[in-house]
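In case you want the letters, here they are:
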Amino acid sequence: MRKEASLESWRELYEITGNIKKLAPWEYLWDTDLIAISLPEREEPIFCSIMGRGGTYYGISAYIGFEGLADFDMIARSEETGLPVDYIMSDQSNLSCYFGSRDELQVEQRKLIKNLELKFRGQGNWLYYESYKKGYTPYLPDEEEVLLLIDIHKNLYMALKAYIEEGCKVDFEHGMCLWRTYSDEEKLWFTGEKPIPAVEKEYPYVELTDEILKRRLKKRPRVKTEIILELSYMNGKVKEEGYDRPINPLLFVAIDASNGMVMGTQLLRPDDDVTGVIVNFVGNYILKVGRMKKIIARIPTILTALEDTCNYCEIALDEEDDRIWMADEFITGLKDRTK
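Residues numbered from 1 in each chain as written. Predicted model: local features only at pLDDT ≥ 70, side-chain atom pairs only at ≥ 80, totals over all residues. Heavy atoms only, no water.

(A) Geometry of the nonpolar core. Among the nonpolar cores identified, the biggest contains 49 residues, and Trp-10, Tyr-14, Ile-35 and Leu-160 are the most heavily contacted of them. Residues Ile-227, Tyr-233, Ile-278 and Ile-302 belong to the second largest nonpolar core, which totals 33 residues. (Core = buried A, V, L, I, M, F, W, Y, C linked by side-chain atoms within 4.5 Å. Buried < 20%, exposed > 50% of the residue type's maximum accessible area, 1.4 Å probe, protein only.)

(B) Molecular detail of the packing of aromatic side chains. Going through the model one piece at a time under the given rule, you end up with 17 aromatic pairs. Grouped by ring-pair contacts, the aromatic residues Trp-10, Tyr-14, Phe-120, Trp-126 and Tyr-129 constitute a single cluster. The ring of Tyr-312 is capped by Lys-214, whose NZ or CZ atom sits 5.0 Å from the centre of that ring. It is Lys-218 that lies over the ring of Tyr-312; its NZ or CZ is 4.6 Å from the centre. (Phe/Tyr/Trp six-rings, centres within 6.5 Å; stacked < 30°, edge-to-face > 60°. Lys NZ or Arg CZ within 6 Å of the ring centre and 35° of its normal.)

(C) Representation of unusual backbone geometry within the structure. Positive phi values are uncommon outside glycine, yet Lys-187 reaches one of about 55 degrees. By secondary structure assignment, the location of Lys-187 is in the loop between β6 (176-183) and β7 (188-195). The backbone phi angle of Asn-235 is positive, close to 55 degrees, even though this residue is not glycine. Along the polypeptide, Asn-235 turns up in the loop between β8 (226-233) and β9 (250-256). Taking the relative accessible area as the measure of exposure, Asn-235 reaches 43% and is therefore partly exposed. (Helix = DSSP H or I, 4+ residues; strand = E, 2+ residues; numbered from the N terminus.)

(D) Representation of the pairing of strand β4 (residues 94-100). Extensive coverage of β4 is indicated by the burial of 7 of its 7 residues. Burial along β4 is two-sided: Asn-94, Ser-96, Tyr-98 and Gly-100 and Leu-95, Cys-97 and Phe-99, pointing in opposite directions, are all buried. One ladder, built from 5 bridges, connects strand β3 (residues 58-64) with β4; its direction is antiparallel. Across the sheet, residue Ala-62 finds its bridge partner in β4, namely Leu-95. Where β4 meets strand β5 (residues 126-132), 7 bridges bridge the pair, whose relative direction is antiparallel. (Pairing = 2+ DSSP bridges.)

(E) Region of interest: the sheet that holds strand β11 (residues 294-296). With respect to topology, 5 strands assemble into an open sheet ordered β10-β9-β8-β11-β12, the strand pairing being mixed. This sheet does not close on itself; its edge strands, each paired only once, are β10 (262-268) and β12 (316-318). On average, each strand axis in the sheet is inclined to that of its neighbour by 15 degrees, with strand direction left out of account. Relative to β12, β11 runs parallel, the two sharing 3 bridges. Along β12, the bridge assignment pairs Ile-295 with Leu-317. (Axes fitted to C-alpha atoms, helices over the stretch in contact; angles between N-to-C directions.)

(F) Spatial organisation of helix α8 (residues 274-288). Taking 1.5 Å of rise per residue, the 15 residues of α8 would be expected to cover 21 Å, and the 21 Å separating its terminal C-alpha atoms lies within 8% of that figure. The buried fraction of α8 is high, at 11 of 15 residues. Note on α8: the residue one or two positions beyond its end, Gly-290, has a positive phi of about 145 degrees. (Expected span 1.5 Å × (residues − 1).)

(G) Structural view of the packing of α8 against helix α9 (residues 300-313). Orientation of α8 relative to α9, taken along the N-to-C sense of each, is 30 degrees, at an axis distance of 9 Å. Between α8 and α9, the angle falls in the class roughly parallel. Regarding α8 and α9, the two cross each other, and that crossing is right-handed. Contact residues: Val-274, Thr-275, Ile-278, Val-279, Val-282 and Ile-286 in α8; Thr-301, Ile-302, Ala-305, Leu-306, Thr-309 and Cys-313 in α9. For the contact of α8 with α9, the residue count by class is 9 nonpolar, 3 polar and no charged. (Parallel < 35°, antiparallel > 145°, perpendicular 65-115°, else oblique. Left-handed = near helix turned anticlockwise from the far one by under 90°. Contact = heavy atoms within 4.5 Å. Nonpolar A, V, L, I, M, F, W, Y, C, P; charged D, E, K, R; others polar.)

(H) Looking closely at the environment of Lys-161. Topologically, Lys-161 is positioned in helix α6 (residues 143-164). The partly exposed category is assigned to Lys-161, whose relative accessible area is 22%. Placed 30 residues apart in sequence, Lys-161 and Thr-191 show a C-alpha to C-alpha distance of 10.0 Å. Each residue touching Lys-161, except ones within four places of it in the same chain, is listed here: Leu-23 and Glu-166.

Set out below in structure tokens:
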């Protein structure tokens, strides 16, 4: 069950983040220049990105652990991978704060600022916080997240101070990051440079293990059908019982690549088995119709889930086919109709 942070905790967090703002770290760091914080009570470090050097908006994002670092890498490589920005931003988790305008704030954020009796004026000065969680709409951090942010921002402030004011050197251009860590032996905090750990985002791999099903699939005739499979978050804010924050439904869609006809759709919640839906759709199609010629997809979750099935059934799995635009067109139209 969700537990809200106390006003005292929120007040402490706002004060600490305000101190970070006074350092103006976006004048010294790009958003890809990472700061790692190793908190004594956590097994994995937290990686912070400072946004704003490009001059569009200012903020701080904290990615928790190596899984969080993999999420950051997915965002940083979005132009290279060609994945839809809407999908990437909703398929990752982090704790962020922004210095924006009043009209950017949600009702809960405005109410919090009012209860704290804080005063902000002008564009780029309204400080607010958001918790990003895969499958959910960005929402106000809960008590656990606020307490974690307090620890993160306290140490982030000290790390930035060492870099900006005390001459700590970091070779960001060659894969290093600014790293703050605690020594249990010396009972002291140290700030310096270390290499960014190598990480790779993991996606569920589904292996065919049912020998009877494998034989049934392999015996099915080949058909000329080419199918586009896509996943897309609907950018909705759906409140449902059993969830402590609004969910952002995930749409699975299958389209016939020869004519653009929709073959199937399904809306998924955060705790639904996404890979199961994908694999079951393909398996059922093969059993009913036959082994399709090609599956076109670009979302890593789909590609990884179907790798074994496609190899075994000798189905081409293509992430380069330009006809993916058919899925984009359908999804854009669906979102426009549901606004």
